[in-house]
Amino acid sequence: MTIIRNNNPSYLALLRFWKKHCLLEKWHIDWLKQNIEVIPALSKDEILYVEGERQKNLYFVSRGALARIRYDGNYKIYILSLALPEMAMMSTTHLYSHTPSIGNIIVLHANTRVVRISYNSIKYVQHIPEVNTLISILNNKKKKQLAQLRILSTINSPTDRYLYFIKNLKDLKNQITHKEVAQLLGISRASIFRASNTWRNK
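Residues numbered from 1 in each chain as written. Predicted model: local features only at pLDDT ≥ 70, side-chain atom pairs only at ≥ 80, totals over all residues. Heavy atoms only, no water.

A. Region of interest: the packing of helix α5 (residues 158-168) against helix α7 (residues 178-185). Close contact between α5 and α7 brings their axes to 11 Å; oriented N to C, the two are set at 115°. Judged by the angle between their axes, α5 and α7 are roughly perpendicular. Read as a crossing pair, α5 and α7 show a hand that is right-handed. Contacts between α5 and α7 involve R161, Y162 and F165 from the first element and H178, V181, L184 and L185 from the second. Taken together, the residues that form the contact of α5 with α7 break down as five nonpolar, one polar and one charged. (Axes fitted to C-alpha atoms, helices over the stretch in contact; angles between N-to-C directions. Helix = DSSP H or I, 4+ residues; strand = E, 2+ residues; numbered from the N terminus. Parallel < 35°, antiparallel > 145°, perpendicular 65-115°, else oblique. Left-handed = near helix turned anticlockwise from the far one by under 90°. Contact = heavy atoms within 4.5 Å. Nonpolar A, V, L, I, M, F, W, Y, C, P; charged D, E, K, R; others polar.)

Below, the structure is given as structure tokens:
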């Protein structure tokens, strides 16, 4: 595995995130440097995981965005979930699952930077409280987003769906395009513009 430089931006982003939640000792930092793979700046639409692949990796976003997507019968893209900076995606449902997760993981924005960590590296030290905390926080951020997206899926009106989105998922709204919002909400861009006008005229 490539040696991680102390000034590597993606490594530092992950380390800062971990330090926000835990008091780390030198061995924690040594473990991190020895067990992560920093992926160079990625291009839009690059694929990190194809649905059904038997890989077991966690992808932490240090810059940019990842999306979990599926296609319908007409090859129309639907975004199932997103990972913005300080969020992560996994190639299975959870750390101890052997079932490949649903949907491809793709790079949503150009120049996205990602840290890849294998499940084996995490499991080896997951009994350590600080490592367990890191994984738990990343999982909780994912679950919080998915809970909101499940609520969105129950709202039939495209206008009401968008209005709920901009009220309750502001972090996503500010970092993705109208096209990406449409793919996430399963509505047309025309519906977004109509809903935007409704919101502005309130």
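B. Here's a closer look at the sheet that holds strand β7 (residues 104-107). With respect to topology, four strands assemble into an open sheet ordered β2-β7-β4-β5, the strand pairing being antiparallel. Edge strands, defined here as strands with exactly one partner in the open sheet, are β2 (47-49) and β5 (77-83). Shown here is a sheet whose adjacent strand axes are inclined to one another by a mean of 35°, direction ignored. For strand β4 (residues 66-71) and β7, the ladder comprises four bridges, and the chain directions are antiparallel. Each residue of the ladder has a partner; that of L66, found in β7, is V107. (Pairing = 2+ DSSP bridges.)

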